[in-house]
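One letter stands for each residue in the lines below.
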Amino acid sequence: MTTRYVLARLRAEYGRLGPAERKVADYFLDQSERDGVLSISDVAIRAGVSEATIVRFSKRLGYSGFLDFKRAFLNERLQTREDLVPYYEKLADSDDPSTVLHKVFSSMQESLRGSLEQLDPASFDQAARWMAESDMVEFYAHGGSGCIVQSAVFTYQRLGIRCTAYVVPLQQLSAAELALPTDLVVGVSHTGTTECVVQAVRRARDRGVRTIGLTNTPGSPLAQAAQVVLLTADSSRRLISDVGMSRVAQVAVLDALGVAVFQLLRQRRNAAP
């Protein structure tokens, strides 16, 4: 397990934690900065949970146990990197506009760093190659993610990538029924639980169409439905809801994917006799 961006991983898994495990997560997200190096019994007291819950919490995040998690957490907390902007926990009622500006940008930068850590290079490479090989790329998304994929389609088409976006739930399932094996379906959902997107991606996969899921939640229904999963990391829980942190990583991943596909297509053209 990597020792970098532990908090980003924690936030990505937050929605899948049980009530007791969330108390542990809340402690490390909101209070631990003020405490020193703690034993498992100290954390249990401060979080108001059992030691068994802390062990279960650590393993849920992919660590062998609490000591493994604590080592990674402390390594991240004690790192001093000049390229990092100041870390902010949350907005305060007294914050002036300039302070808000810095806090929002700080959270966006953290979201991008965390997402770069979360993304599996092999999965990204596979997604790009599938997209370059496809006759048509179909994006399925809804709500805020729907706006993101509509913008991505505009960018992709300018890069020479044949694609379209379906952001209306009824259209998504119909499109999945008509998709060809030579097409590619990309489902985008921050939570990974958007039912219409999950159903359409699952149906396309059942029909032999290649599928990719872009989500912030490992193990979510979308992550389980798609063949290739691209994971982002979100830091928006620390600020107010829906201020962009949950979307900035989606934009970055889709932009990077489009550029990667453009490169693959250009390489293919240059190699042609």
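Quick look at the structure, then. (Residues numbered from 1 in each chain as written. Predicted model: local features only at pLDDT ≥ 70, side-chain atom pairs only at ≥ 80, totals over all residues. Heavy atoms only, no water.)

### Here's the deal with the overall build of the protein chain
- Within the protein chain, the regular secondary structure consists of 12 helices and 5 strands.
- Scored against the burial criterion, the 273 residues of the protein chain give a buried share of 47%.
- Looking at the protein chain alone, contacts between residues at least 24 apart form 71% of all its contacts between residues at least 6 apart. (Helix = DSSP H or I, 4+ residues; strand = E, 2+ residues; numbered from the N terminus. Buried < 20%, exposed > 50% of the residue type's maximum accessible area, 1.4 Å probe, protein only. Contact = heavy atoms within 4.5 Å.)

### A few points about the packing of aromatic side chains
- Per the stated rule, a full pass over the model turns up 9 aromatic pairs.
- Here the aromatic rings of F57 and F69 are separated by 5.3 Å at their centres, their planes lie at 80 degrees, and the arrangement is edge-to-face. A residue pair is termed long-range when its members are at least 10 positions apart, and F57 in helix α4 (residues 51-60) and F69 in helix α5 (residues 66-78) qualify at 12 residues.
- When the centroid spacing of 6.0 Å and the interplanar angle of 20 degrees are considered together, the rings of F69 and F73 count as stacked. Here F69 and its partner F73 are both found in helix α5, 4 residues apart, which amounts to about one turn of the helix.
- Taking the relative accessible area as the measure of exposure, F73 reaches 5% and is therefore buried. (Phe/Tyr/Trp six-rings, centres within 6.5 Å; stacked < 30°, edge-to-face > 60°.)

### Structural notes on the packing of helix α9 (residues 169-178) against helix α10 (residues 195-206)
- It is at 8 Å that the axes of α9 and α10 come closest, and there the two elements cross at 5 degrees. Taken together, α9 and α10 sit at an angle that is classed as roughly parallel. For the pair formed by α9 and α10, the contact residues are P169, Q172, L173, A176 and E177 on the first element and C196, V197, Q199, A200, R203 and A204 on the second.
- Split into classes, the residues belonging to the contact of α9 with α10 amount to 7 nonpolar, 2 polar and 2 charged. (Axes fitted to C-alpha atoms, helices over the stretch in contact; angles between N-to-C directions. Parallel < 35°, antiparallel > 145°, perpendicular 65-115°, else oblique. Nonpolar A, V, L, I, M, F, W, Y, C, P; charged D, E, K, R; others polar.)

### A few points about the packing of helix α3 (residues 40-47) against α4
- With their axes 9 Å apart at the nearest point, α3 and α4 run at an angle of 100 degrees to one another. Taken together, the axes of α3 and α4 are roughly perpendicular relative to one another. Contact with α3, carried on its side by I40, S41, V43 and A44, involves E51, I54 and V55 of α4 and no other residues of that element.
- Residue composition of the contact of α3 with α4, grouped by class: 5 nonpolar, 1 polar and 1 charged.

### Remarks on the pattern of salt bridges
- Applying the stated rule across the entire model yields 6 salt bridges.
- Residues E21 and R60 are paired through a salt bridge, measuring 3.7 Å at the closest nitrogen-oxygen approach. Linking E21 in helix α2 (residues 19-31) with R60 in helix α4, this pair joins segments that are 39 residues apart in sequence.
- Using a relative accessible area of 3% as the deciding quantity, one classes E21 as buried.
- Taking the relative accessible area as the measure of exposure, R60 reaches 32% and is therefore partly exposed.
- A salt bridge links R203 to E177, with the nearest nitrogen and oxygen atoms 2.8 Å apart. On the criterion of sequence distance, the pair formed by R203 in helix α10 and E177 in helix α9 is long-range, its members being 26 residues apart. (Salt bridge = Lys/Arg side-chain N within 4 Å of Asp/Glu carboxyl O.)

### Section: the pairing of strand β1 (residues 137-140)
- Going residue by residue along β1, you find V137 and F139 tucked away on one face and E138 and Y140 tucked away on the opposite face as well.
- Summarising the sheet, β1 and strand β2 (residues 163-166) pair through 4 bridges and their orientation is parallel. Looking at the pairing, V137 lines up with C163 of β2.
- Tracing the backbone out of β1, into helix α8 (residues 144-158) and back to the parallel element β2 gives a crossover that is right-handed.
- By the bridge criterion, 4 bridges tie β1 to strand β3 (residues 184-188) in an arrangement that is parallel. By the bridge assignment, F139 is partnered in β3 with V186. (Pairing = 2+ DSSP bridges. Right-handed = clockwise from strand over helix to strand, strands pointing away.)

### Regarding the pairing of strand β4 (residues 210-215)
- Along β4, 5 of the 6 residues are buried, which leaves the element largely enclosed by surrounding structure.
- Assessed by its sense of winding, the connection that carries the chain from β3 through α10 to β4 is right-handed.
- Across 4 bridges, β4 lies against strand β5 (residues 228-231) in parallel orientation. By the bridge assignment for β5, I212 is matched with V228.

### Topic: the nonpolar core
- Among the nonpolar cores identified, the biggest contains 30 residues, and M131, F139, Y156 and L230 are the most heavily contacted of them.
- Elements with a minimum of two residues in this core: α7 (121-133), β1, α8, β3, β4, β5 and α12 (245-271).
- For M131, the contacting residues outside a window of four places in its chain are V137, F139, Y156, I161, L184, V186, L257 and V261.
- Grouped together as the second largest cluster of nonpolar side chains are 24 residues, L29, A47, Y63 and F73 included. (Core = buried A, V, L, I, M, F, W, Y, C linked by side-chain atoms within 4.5 Å.)

Function-wise, these values are silent; they only describe arrangement.
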